[in-house]
Amino acid sequence: QTKYGIEMRPILGVRKNDWEFIINPIVGFGLGTLGEATFTPAARVARKINDSLTLGVEYYMDFGPFGRFASPDNQGHNIYGVVDYTIGKFDINFGVGYGVTNGSDRVMTKMILGYSF
């Protein structure tokens, strides 16, 4: 609804041995007269295979604007199988996802490329 927005994306997590569990209670704010605050949380469970490879499952949700969440079937709910791979100072996160509700895209891919300074 707006051209610009910002997000508050806290990261709450636990790592034990080779496992990690992370929750992101994300709130997005659209800027401008049509701007609204939306709730789009995410979660992740992953296992470290070796020093450069981690496999996991990520779940992304989009409930919609606070005060008028979409009906459950019209919300966005997407589950991804993900691979994290480190090559030198580069980190690659790649995933293939599937939307489990009518409000979701059916099949998606995602990639995040990171660099350690």
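Structure: above.
Just so it is clear, the structure is predicted and the values come from calculations on it, not from any experiment.

Quick word on the packing of aromatic side chains
And step 1. One pass over the full model with this rule turns up 8 aromatic pairs.
And step 2. Plain terms: the ring middles of Phe39 and Phe66 are 5.7 Å apart, the flat faces sit at 40 degrees to each other, and that makes the pair tilted. With Phe39 in strand S5 (residues 37-39) and Phe66 in the loop between strand S8 (64-65) and strand S9 (76-87), this residue pair connects regions lying 27 residues apart in the sequence.
And step 3. Among the residues examined, Phe39 registers a relative accessible area of 21% and is labelled partly exposed.

Some words on the sheet that holds strand S10 (residues 90-99)
And step 1. Spatially, S2-S3-S6-S7-S9-S10-S11 is the arrangement adopted by the 7 strands of the open sheet, whose pairing is antiparallel. Each edge of the open sheet carries a strand with a single partner, namely strand S2 (12-16) and strand S11 (107-115). Here the average twist between neighbouring strands, direction ignored, is 15 degrees.
And step 2. Where strand S3 (residues 19-24) and strand S6 (residues 42-50) come together, 6 bridges link them in antiparallel fashion. By the bridge assignment for S6, Ile22 is matched with Arg44.

Definitions and limits used
Residues numbered from 1 in each chain as written. Predicted model: local features only at pLDDT ≥ 70, side-chain atom pairs only at ≥ 80, totals over all residues. Heavy atoms only, no water. Phe/Tyr/Trp six-rings, centres within 6.5 Å; stacked < 30°, edge-to-face > 60°. Helix = DSSP H or I, 4+ residues; strand = E, 2+ residues; numbered from the N terminus. Buried < 20%, exposed > 50% of the residue type's maximum accessible area, 1.4 Å probe, protein only. Pairing = 2+ DSSP bridges. Axes fitted to C-alpha atoms, helices over the stretch in contact; angles between N-to-C directions.

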